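Notes for the structure review
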Amino acid sequence: MRLMVDLNRCQGYGQCVFLAPEVFSLHGEEALLYDAAPDEGQIERVRRAAAACPVQAILVEEGPRAGLDTEADRDRA
Amino acid sequence: MTTETLLRRITDYGNRADPYPLYEELRATPVARQEDGTRLVGTYREILHLLHDPRISSDLRNRRHRERAAPDDEDDQGLPPAFLKLDPPAHDRMRRLFMRHFGPPHSPRRVSALGEELPGIITGLVDGLAGRNRIDVVDDFAYPFPVTVICRLLGVPREDEPRFHVWADAVVASIDPGPEENPGERRRAGQQAKAEMGLYMSGLMADRRGSPRDDMLSGLVNDDIADSGVEPVELVTNSVLLFVAGHETTVNLIANGMLTLLRNPEVLADLRAAPAAMPQAVEELLRFEPPVHMLTQRTPLTDVEIAGVVIPEGVPLSLVLASGNRDPQRFTDPDRFDPWRPDNQHLGFGGGVHGCFGAPLARLEAQLALTELIRRLDSPRLAADPPEYRRNPVLRGPRRLLVDFDGMRP
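All of the points below concern the structure found in this document. (Residues numbered from 1 in each chain as written. Chains lettered and ligands numbered in written order. Predicted model: local features only at pLDDT ≥ 70, side-chain atom pairs only at ≥ 80, totals over all residues. Heavy atoms only, no water.)

A look at the packing of helix α14 (residues 278-288) of chain B against helix α16 (residues 359-376) of chain B
All names here are of chain B.
- Viewed as axis vectors pointing N to C, α14 and α16 meet at an angle of 110°, and their least axial separation amounts to 9 Å. With respect to α16, the axis of α14 lies roughly perpendicular. In this structure, α14 meets α16 at a crossing whose hand is right-handed. Facing α14, whose interface residues are M278, P279, V282, E283 and L285, α16 presents R363, A366, Q367, L370, T371 and I374.
- Across the contact of α14 with α16, the residue classes break down as 7 nonpolar, 2 polar and 2 charged. (Axes fitted to C-alpha atoms, helices over the stretch in contact; angles between N-to-C directions. Helix = DSSP H or I, 4+ residues; strand = E, 2+ residues; numbered from the N terminus. Parallel < 35°, antiparallel > 145°, perpendicular 65-115°, else oblique. Left-handed = near helix turned anticlockwise from the far one by under 90°. Contact = heavy atoms within 4.5 Å. Nonpolar A, V, L, I, M, F, W, Y, C, P; charged D, E, K, R; others polar.)

What to know about the interface of chain B and chain A
- Taken together, the contact pairs 25 residues of chain B with 20 residues of chain A.
- Here chain B packs against chain A, burying approximately 1,900 Å² in sum over the two surfaces, 55% of which is carbon and sulfur.
- One salt bridge in this structure joins R45 of chain A and E116 of chain B, with 2.1 Å as the shortest N-O distance.
- Here chain B and chain A share 7 residue pairs in polar contact (both at pLDDT 80 or more) between them.
- Only α4 (90-99), α5 (110-127), α14 and α16 of chain B provide two or more residues apiece to the side of chain B that touches chain A.
- Looking at the side of chain B that touches chain A, the element that brings in the most residues is α16 of chain B, giving 6 residues.
- Residues belonging to the side of chain B that touches chain A are distributed by class as follows: 12 nonpolar, 7 polar and 6 charged. (Buried area = accessible area lost by both parts, 1.4 Å probe. Salt bridge = Lys/Arg side-chain N within 4 Å of Asp/Glu carboxyl O. Polar contact = N/O pair within 3.5 Å; in protein donor to acceptor, adjacent residues only side chain to side chain.)

Here's the deal with the nonpolar core
- With 143 residues, the main nonpolar core has F24 of chain A together with V156 of chain B as its most contacted residues.
- Take this core: its biggest share by element is 10 residues, from α16 of chain B.
- Look past the residues within four positions of F24 of chain A in its chain and what remains in contact with it is L3, V5, C16, V17, L32, L33, Y34, A49 and I58 of chain A. (Core = buried A, V, L, I, M, F, W, Y, C linked by side-chain atoms within 4.5 Å. Buried < 20%, exposed > 50% of the residue type's maximum accessible area, 1.4 Å probe, protein only.)

Thoughts on the state of the cysteines
- Enumeration according to the criterion identifies 0 disulfides over all chains in this entry.
- No disulfide involves C10 of chain A; its nearest neighbouring cysteine sulfur is the one of C16 of chain A, lying 6.6 Å away. (Disulfide = S-S within 2.5 Å.)

Remarks on the pattern of salt bridges
Residues and elements named next belong to chain B.
- Enumeration according to the criterion identifies 34 salt bridges over all chains in this entry.
- Put simply, R363 and E283 hold a salt bridge, and the shortest N to O gap is 2.7 Å. Pair noted here: R363 is in helix α16 and E283 is in helix α14, with a separation of 80 residues, a long-range link. Across this residue pair, the class does not change: R363 and E283 are buried.
- Note that R381 is salt-bridged to D406, the shortest N-O span being 3.1 Å. One end of the pair, R381, is in strand β10 (residues 381-382); the other, D406, is in the loop between β11 (402-404) and β12 (407-408), with 25 residues separating them in the sequence.
- Using a relative accessible area of 47% as the deciding quantity, one classes D406 as partly exposed.
- If you follow the salt bridges from partner to partner, you end up with R110, E117, R152 and D214 in one network.

Following this line, the structure appears as structure tokens:
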């Protein structure tokens, strides 16, 4: 699993930090820190965090090869 | 009919099962002035603007006296208002103090850790229904579950439920904006209930002063608030707010959720087969059938122009979130329940500085509860549709949700 947060969209609602505290954290009250390649055991929580983001700033790619160049990506390109 | 009577028609109990045609009518007028002077706003874009506009107050003391049509606008027996009814900076001080014990950055694991306990609570409740072929989703599950959770979170003894159930009912009835059944009497009863709850909550806090347990009341009462500008009595009023809000809203999210899934059997089957999609399904429920239909306590601090219309200073302003959630200018095919809807920035939890405090907990509760209910009930179907609704048009949801089923899966 790989994830990316669009920090231009992020408004600091912090919903992801509640739902997946091992992956997302707040530095101070607003700045968001996150683990871009979290442990697979966190997948359920990361899904919940991504769905809960009020501005939908979290992009999750699932699977062990996520983020690598896949056939589908090459087809689209 | 004229748009001036919309609020009256929305609050009319006869329209509780399906207020959505009224909301469609509302969206045709960006700011709909009502007979009593209240302005209703029901379009997505305008609601979103007003939620984030610092000139829009949540403090009812800013209403012009003759237009104080609010249902809950008198002093609460000398108690200070909770942060729901305050503006920044007082609101921020208090909300931040409570957030210290609920979420990040100070308590980032509280909700997540509580989440670990939820499946056990759910299983216990569902197991208790074995042997039956009909349940009332509200009384048998959607009410007792969030009550148990909020009790656990705050540190309120679950066995006191018979006492606080009565108080919570009175508080909820007091925020019903409907004109029927003597609103003055309801208001007094609501204030009385809040005062009694405050006393009860103070007792629980006193027990925890100096001997903390693993709950929010312990954290609050042992926190150093000397420099925070927050008075100890405010810890009590806000704890009462969280306690009431923590179950009176989630009950609707779960009950509305079951109702909506049973009305959409293909979606229910998909979610049973792929429970990983439940988080998105709950977001769609928050759009499609939100637990809170409108925010009735806003007041402009100055004349505010929106969509070419001036909302005058001091008038009652209501933001109809459930209408904004069905605005076709924002959502494609808005009357369709579609958990796979992209870009679902619903207004189900409000927004801006007063955005729902308990949202992350409510989400978890609804996701886990609905996943387990549809997994375990065999061939569930509605015994009555529409169900009997609660009276309240603001905190809208079924009073009873009778569901028949063939048996309980292990």
